[in-house]
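# Close look at the chain arrangement
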Amino acid sequence: MITVRSFEEVRAASSGRIGLVPTMGALHDGHLRLLRTARAESDTVVVSVFVNPLQFGPDDDLDRYPRDLARDQGLAMEAGADILFAPEVVDMYPTDSHTHLTISKLTDNFEGAHRPGHFEGVALVVAKLLIGIRPTRAYFGRKDAQQLSVIRRLAIDLSLPVEIIGVSTVREPDGLALSSRNQFLGPDQRRAATALSRGLLAAASAVEDGERHGPHLEEIVAEEAGTEALLELEYVALADAATVQPLGELTTDAFLAVAARVGETRLIDNVAFSVDSDTVTVDRGELLSGPSVLEEA
Ligand code: AMP
């Protein structure tokens, strides 16, 4: 595996079917699952590690976001990456960008509403990665469900010749979705945080039992989150996966998403549903079976 800082170097070292896994580093088993999926389907696997300042708001955690390139290099190599693309901010943005990408409607709600400017920052960096690296396929986690919908739309609207692949959420054995931000949680906060996945998984079971009403599903999650005083719920919503608009009834591909604060740390999670006429398939994500790379470290 080589580590490079420029798009030219990535392109020079890539051939065949190129699989791209964009990340902000602090790699965990969720990222590794994306990498292994890419490895199985690609000749060249590129993982990017770039903490993109443009997607953080003034009150966000840009300064304290975890960074450890040496550790990321070891984990990426083990998971089968060929190229680790780790540009500095000046490499990615040699000049101030006067080009701004707004994905209208899909960013009006949920993360878009709570993090003004976030998706513009995501869209610009992902567009630069897709154009600069020209992957055959690019892999994104379903954990960030709205982001996945936004990126699918971006690729369609810009006619980018790439296939966007969504990969299931990886969860700790107690259900908590893996996130680079989990390391900020103290023991009580960590315990409280599991109420989010408990609520989502209960709602997923309700769907399997025939529940289709959005407000009922949202209520299941809100009720479970309400049992934890340390959790401050920001939103819980059933959303259409294509349009990211609130959905009253589960009649089309959708996700049930939740966001909450635990102290200073903001957590998001969701379960996804694919709907084929009367049949609903639930993607709850997958529980880690072996020890996580965080425990091994
Ligand atoms: P991040 O480094 O947090 O920007 O995440 C990079 C990619 O990994 C994104 O496509 C995320 O959706 C994905 N990802 C983050 N956490 C998980 C998880 N627990 N399971 C699966 N994918 C994840």
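Here the structure is shown first, and the text comes after it.
Here's a quick rundown of the structure. (Residues numbered from 1 in each chain as written. Predicted model: local features only at pLDDT ≥ 70, side-chain atom pairs only at ≥ 80, totals over all residues. Heavy atoms only, no water.)

### Observations concerning the overall build of the chain
Each helix and strand counted, the chain has 10 helices and 12 strands in total. On C-alpha atoms alone, the chain measures out to a radius of gyration of 19 Å, which is about the 19 Å that the 2.2 N^0.38 rule sets for 297 residues. Taken over the C-alpha atoms alone, the chain extends approximately 50 × 40 × 40 Å along its principal axes. Looking at the chain as a whole, 53% of its 297 residues qualify as buried. Of the contacts made within the chain by residues no fewer than 6 positions apart, 73% connect residues no fewer than 24 positions apart. On the chain, roughly 13,500 Å² of surface is accessible, and the fraction owed to carbon and sulfur atoms is 50%. (Helix = DSSP H or I, 4+ residues; strand = E, 2+ residues; numbered from the N terminus. Rg over C-alpha atoms; globule rule 2.2 N^0.38 Å. Buried < 20%, exposed > 50% of the residue type's maximum accessible area, 1.4 Å probe, protein only. Contact = heavy atoms within 4.5 Å. Areas by Shrake-Rupley, 256 points an atom, 1.4 Å probe, with all protein chains shown as cover.)

### Overview of the packing of helix α6 (residues 118–133) against helix α7 (residues 145–157)
Contact geometry for α6 and α7: axes closest at 11 Å, N-to-C directions at 50 degrees. What the angle tells us is that α6 and α7 run oblique. Regarding α6 and α7, the two cross each other, and that crossing is right-handed. Contacts from Phe 119, Val 122, Ala 123, Val 126 and Ala 127 in α6 reach Gln 146, Gln 147, Val 150, Ile 151 and Leu 154 in α7. (Axes fitted to C-alpha atoms, helices over the stretch in contact; angles between N-to-C directions. Parallel < 35°, antiparallel > 145°, perpendicular 65-115°, else oblique. Left-handed = near helix turned anticlockwise from the far one by under 90°.)

### Some words on the nonpolar core
Residues Val 46, Phe 85, Met 92, Val 126, Leu 130, Ile 133 and Ile 164 are the most contacted members of the largest nonpolar core, which totals 44 residues. Taken together, the elements giving at least two residues each to this core come down to α1 (7–12), β2 (18–23), β4 (83–85), α6, β5 (137–141), α7, β8 (231–240) and β9 (254–262). Here the element with the most residues in this core is α6; it accounts for 10 residues. Residue contributions to this core reach at least three from each of two domains, namely domain 1 (2–167) and domain 2 (180–288). (Core = buried A, V, L, I, M, F, W, Y, C linked by side-chain atoms within 4.5 Å. Domains from an automatic or database assignment.)

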